[in-house]
Amino acid sequence: MAASAGHGGEYVLPPLPYGYDALEPSIDAETMKLHHDKHHAAYVKGANDALAKLAEIREGKIDPAAVSEWSEKLAFNVSGHTLHSIFWGGLGPKGGKPEGSLAADIDAHFGSLDKLKSHFSAAATQVQGNGWGVLAFEPVARRLVVLQVRNHQLNVAWGAIPLLVLDVWEHAYYLKYKNVRADYVKAFWSIVNWSAVDQWYALVQAKHHGPQHHGH
Ligand SMILES: [Fe+2]
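None of these values were measured; they are calculated from a predicted model. (Residues numbered from 1 in each chain as written. Predicted model: local features only at pLDDT ≥ 70, side-chain atom pairs only at ≥ 80, totals over all residues. Heavy atoms only, no water.)

Asker: If you had to explain the overall build of the protein chain to someone new, which residues and values would you point to?
Answerer: When its secondary structure is counted, the protein chain shows seven helices and five strands. Moving toward the C terminus, one meets the helices and strands of the protein chain in the order β-β-α-α-α-α-β-β-β-α-α-α. Its C-alpha atoms give the protein chain a radius of gyration of 18 Å, within 12% of the compact-globule value 17 Å for 216 residues. Principal-axis analysis of the C-alpha atoms places the extent of the protein chain at approximately 55 × 45 × 30 Å. Buried positions account for 45% of the 216 residues belonging to the protein chain. Partitioning the intrachain contacts of the protein chain with sequence separation of at least 6 by distance along the chain shows that 69% fall at a separation of at least 24. By element, 56% of the accessible surface of the protein chain is carried by carbon and sulfur atoms, the whole surface being about 10900 Å². Side-chain charges in the protein chain split into 19 positive and 21 negative, and the spacing between the mean points of these groups amounts to 2 Å. (Helix = DSSP H or I, 4+ residues; strand = E, 2+ residues; numbered from the N terminus. Rg over C-alpha atoms; globule rule 2.2 N^0.38 Å. Buried < 20%, exposed > 50% of the residue type's maximum accessible area, 1.4 Å probe, protein only. Contact = heavy atoms within 4.5 Å. Areas by Shrake-Rupley, 256 points an atom, 1.4 Å probe, with all protein chains shown as cover. Lys, Arg positive; Asp, Glu negative; His and termini not counted. Charge placed at Lys NZ, Arg CZ, Asp CG, Glu CD.)

Asker: Account for helix α7 (residues 194-207), naming residues and giving values.
Answerer: Structurally, the α-helix is built with 3.6 residues per turn, so residues lying three or four positions apart point the same way. Helix length check: α7, at 14 residues, gives a terminal C-alpha distance of 20 Å against a target of 20 Å (1.5 Å per residue), a fit within 8%. Restricting attention to buried positions, one finds in α7 the residues W194, A196, V197, D198, W200, Y201, V204 and Q205. On its buried side, α7 packs onto α2 (67-89), α3 (100-110), α4 (113-125), β3 (131-138), β4 (143-150) and β5 (161-167). Downstream of α7 by one or two residues, H209 has phi in the positive range, about 50°. (Expected span 1.5 Å × (residues − 1).)

Asker: Summarise the sheet that holds β3; cite the residues concerned and give the values.
Answerer: On the basis of which strands lie adjacent, the open sheet formed by three strands has the order β4-β3-β5 and antiparallel pairing. The open sheet has two edge strands with one neighbour each: β4 and β5. Mean inter-strand twist for the sheet, computed between neighbouring axes without regard to direction, equals 20°. Pairing of β3 with β4 involves eight bridges; the strand directions are antiparallel. Opposite G131, over in β4, you have R150 as the bridge partner. The strands that α2 touches are β3 and β5; relative to β5, the one it contacts most, it runs at about 80°. (Pairing = 2+ DSSP bridges. Axes fitted to C-alpha atoms, helices over the stretch in contact; angles between N-to-C directions.)

Asker: Let's hear about the coordination of the iron ion: which residues, and what values?
Answerer: Around the iron ion, the donor atoms from the protein are H35 (NE2), H84 (NE2), D167 (OD) and H171 (NE2), and they sit 1.8 to 2.1 Å away. The coordination sphere of the iron ion comprises four donor atoms, whose angles at the metal cover 88 to 143°; the geometry is irregular. Assessed through its relative accessible area of 0%, D167 is described here as buried. Its relative accessible area of 18% is what places H171 among the buried residues. (Donors = N, O, S within 2.8 Å, 3.2 Å for Na, K, Ca; no water. Tetrahedral: all angles 85-135°; square planar, octahedral: opposite > 155°, others 65-115°.)

Asker: Break down the packing of α4 against helix α6 (residues 181-188) for me, with residues and values.
Answerer: Interhelical geometry of α4 versus α6 gives an angle of 145° and a closest axis separation of 10 Å. Here the hand of the crossing between α4 and α6 comes out right-handed. Across the interface between the two elements, F120, S121, A124 and T125 of α4 pack against R181, A182, V185 and F188 of α6. (Left-handed = near helix turned anticlockwise from the far one by under 90°.)

Laid out in structure tokens, this is it:
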């Protein structure tokens, strides 16, 4: 589920973990192909371009005044790469339900899965312009939170790790759903691959040394 990078520290577009048509009818194949092959690919390229420009600034090849522009592009594109990678990994044709510690923590922190879904759906549907609904693990309080992200990198909480995300940029749904974002958000819940989210959550928690959560 994590975003991909090469050994040289450059960003790499990961393959989709399923076919373009795997999420039909909730998300159509044409949208998936454009979304992954063009949009996600552009964020990967944009992140690498920003790294290269910032290196040129360090080397005195271009005006340091450009640091603001390329810093913003780095944040935007790296965040786009990260969120899209987690987005693909959290989807699948089978659906299912959260289990294990994720299910227990959803109940503990949101009251129930239905309450999480209502909260998350409201956050995603109401993003003004481009953005994301994000279920994240917040490691300071070791709790789950829902964030409403604008673009890819605004309105985030430092350190929070996305677990399940929904892209509500128009490029994610407009071919099929036109302006009716709420129908796309509703359809999203039938293609969440909860077992993949469970596995990602276990990995994220293990990395954050949760004594109460990960037994061996
Ligand atoms: Fe997107």
